[in-house]
Amino acid sequence: MPTVLDEIIVGVREDLEERRRALPLAAVREAAAARGAALDAFAALGGPDDPRSQVKVIAEVKRRSPSKGQLADIADPAELARQYADGGASVISVLTEQRRFNGSLADFDAVRATVEIPLLRKDFTVDEYQIFEARAHGADLVLLIVAALDGAELSDYLALTHELGMNALVEAHTEEEIDRALAAGARILGVNVRNLKTLDVDRSLFGRLAGRIPTGPVVVAESGVRGPEDVAEYAGQGANAVLVGEALVTHGSPRERIEEFKRSGAAAIAERLGAH
């Protein structure tokens, strides 16, 4: 029986083929090559020279989700992104998947034209075309979901991302997927506590899996953030960054909310480090 992830990917592939017919791979590769250097998202999220004493926030422009339906109208994604940047977000994520998330590359372009911090093109990457396409639109990061890719695809797509000067958020939600991500050389490793095959959320999953990740990669807690207390919990369990969408787009003041998240995360890290 197809999982939710399987069904999403069917639609992603159909939409991808439409874009490929309109703009062949060769043209997208040229557009990607014409872009200037990508911003260093690894450093922005707490790379090797960062003391990692704070939790970084990846703030997401997210209109809809398969589990919750419509979240926010977001009449002006650029203005939302500006609030995110003003609040201290280290990276902004923009959903571009159309069918389940009401995202678009137009949203991405609007944000890219407005902010000067790294951008994550948040989509279901199943073809190299999407990676060149992301860079052509100015993405600094792409999402690689381990559950959606076989071993060769994961390694090849990660290598291509790095060849283009970008980084990848490599997303896992099981021990086996963590191991595959590490074996592929993931530098930014996300633990998604939402199972994309069932859409169930288990916040305790982060703590169980984070301990499996060695020092080196930036560790991102994905999904399940409702408020500062969840950020503090993830930070206490080893998160270097949190990816937050719903709790920001449904909040009346996302800039202040990000500031709250950063304060609660920093306090939790200080407590964790003090305990050692």
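Notes on the structure in this doc start here.

Analysis parameters
Residues numbered from 1 in each chain as written. Predicted model: local features only at pLDDT ≥ 70, side-chain atom pairs only at ≥ 80, totals over all residues. Heavy atoms only, no water. Axes fitted to C-alpha atoms, helices over the stretch in contact; angles between N-to-C directions. Helix = DSSP H or I, 4+ residues; strand = E, 2+ residues; numbered from the N terminus. Left-handed = near helix turned anticlockwise from the far one by under 90°. Contact = heavy atoms within 4.5 Å. Nonpolar A, V, L, I, M, F, W, Y, C, P; charged D, E, K, R; others polar. Polar contact = N/O pair within 3.5 Å; in protein donor to acceptor, adjacent residues only side chain to side chain. Buried < 20%, exposed > 50% of the residue type's maximum accessible area, 1.4 Å probe, protein only. Arc of directions from axis to C-beta. Pairing = 2+ DSSP bridges. Right-handed = clockwise from strand over helix to strand, strands pointing away. Core = buried A, V, L, I, M, F, W, Y, C linked by side-chain atoms within 4.5 Å. Phe/Tyr/Trp six-rings, centres within 6.5 Å; stacked < 30°, edge-to-face > 60°. Lys NZ or Arg CZ within 6 Å of the ring centre and 35° of its normal.

Thoughts on the packing of helix α10 (residues 228-236) against helix α12 (residues 254-274)
Close contact between α10 and α12 brings their axes to 8 Å; oriented N to C, the two are set at 35 degrees. When you trace α10 past α12, the crossing you get is right-handed. In this structure, α10 contributes Pro-228, Val-231, Ala-232, Ala-235 and Gly-236 to the contact, and α12 contributes Arg-257, Glu-260, Phe-261, Ser-264, Gly-265, Ala-268, Ile-269 and Arg-272. A class-by-class count of the residues in the contact of α10 with α12 yields seven nonpolar, three polar and three charged.

Quick word on the environment of Arg-121
Position of Arg-121 among the secondary structure elements: in strand β5 (residues 119-122). Between the C-alpha atoms of Arg-121 and Ile-131, which are 10 residues apart in sequence, the distance is 9.2 Å. If we ignore the near neighbours within four places in the chain, the residues touching Arg-121 are Arg-19, Val-94, Thr-96, Leu-105, Phe-108, Gln-130, Glu-133, Ala-134, Ala-139, Leu-141, Val-142 and Leu-143. Polar contacts involving the side chain of Arg-121 include one to the side chain of Thr-96, which spans 2.8 Å.

Considering helix α5 (residues 105-112)
Listed in full, the buried residues belonging to α5 are Leu-105, Asp-107, Phe-108, Val-111 and Arg-112. All buried residues of α5 lie within an arc of 155 degrees about the axis, which places them on one face of the element. Looking at the buried residues of α5, the elements they touch are α1 (4-22), β1 (56-61), α4 (77-87), β4 (91-95), β5 and α6 (128-136).

Considering the environment of Gly-11
Structurally, Gly-11 can be placed in helix α1. Once the C-alpha coordinates of Gly-11 and Arg-99 are considered, the two residues, 88 residues apart in sequence, prove to be 7.1 Å apart.

Regarding the pairing of β4
Among the five residues of β4, five are classified as buried, and the element is accordingly described as predominantly covered. Where burial is concerned, the two faces of β4 agree: the one with Val-91, Ser-93 and Leu-95 and the one with Ile-92 and Val-94 are both buried. Relative to β4, β1 is paired through four bridges, and the arrangement is parallel. By the bridge assignment, Glu-60 is partnered in β4 with Ser-93. Following the backbone out of β4, through α5 and into the adjacent parallel β5, one traces a crossover that is right-handed.

What to know about the nonpolar core
One finds Tyr-84, Ile-92 and Phe-206 to be the most contacted residues of the largest nonpolar core, which totals 94 residues. Of all the elements, α1 adds the most residues to this core, at six residues.

Regarding the packing of aromatic side chains
A full pass over the atoms with the stated rule returns two aromatic pairs. Above the plane of the ring of Phe-42 lies Arg-187, whose end atom (NZ or CZ) is 4.0 Å from the centre.

A few points about the sheet that holds strand β6 (residues 141-145)
Reading around the barrel, the eight strands line up as β1-β4-β5-β6-β7-β8-β9-β10 and close back on themselves, with parallel pairing between neighbours. The average angle at which neighbouring strand axes cross in this sheet is 25 degrees, direction not considered. With two bridges joining them, β5 and β6 adopt parallel strand pairing. Residue Arg-121 lies in a different strand from β6, and its bridge partner there is Val-142. Its contacts with the sheet place α5 against β1, β4 and β5, and it is angled at close to 175 degrees to β5.

Re the pairing of strand β9 (residues 218-222)
Where burial is concerned, most of β9 is hidden: five out of the five residues are buried. Summarising the sheet, strand β8 (residues 188-192) and β9 pair through five bridges and their orientation is parallel. Paired with Asn-192 across the strands is Glu-222, a residue of β9. Between β8 and its parallel partner β9, the chain crosses via helix α9 (residues 204-210), and the hand of that crossover is right-handed. In this sheet, strand β10 (residues 241-244) lies alongside β9 in parallel orientation, the contact comprising three bridges. Bridged to Glu-222 within β10 is Leu-243.

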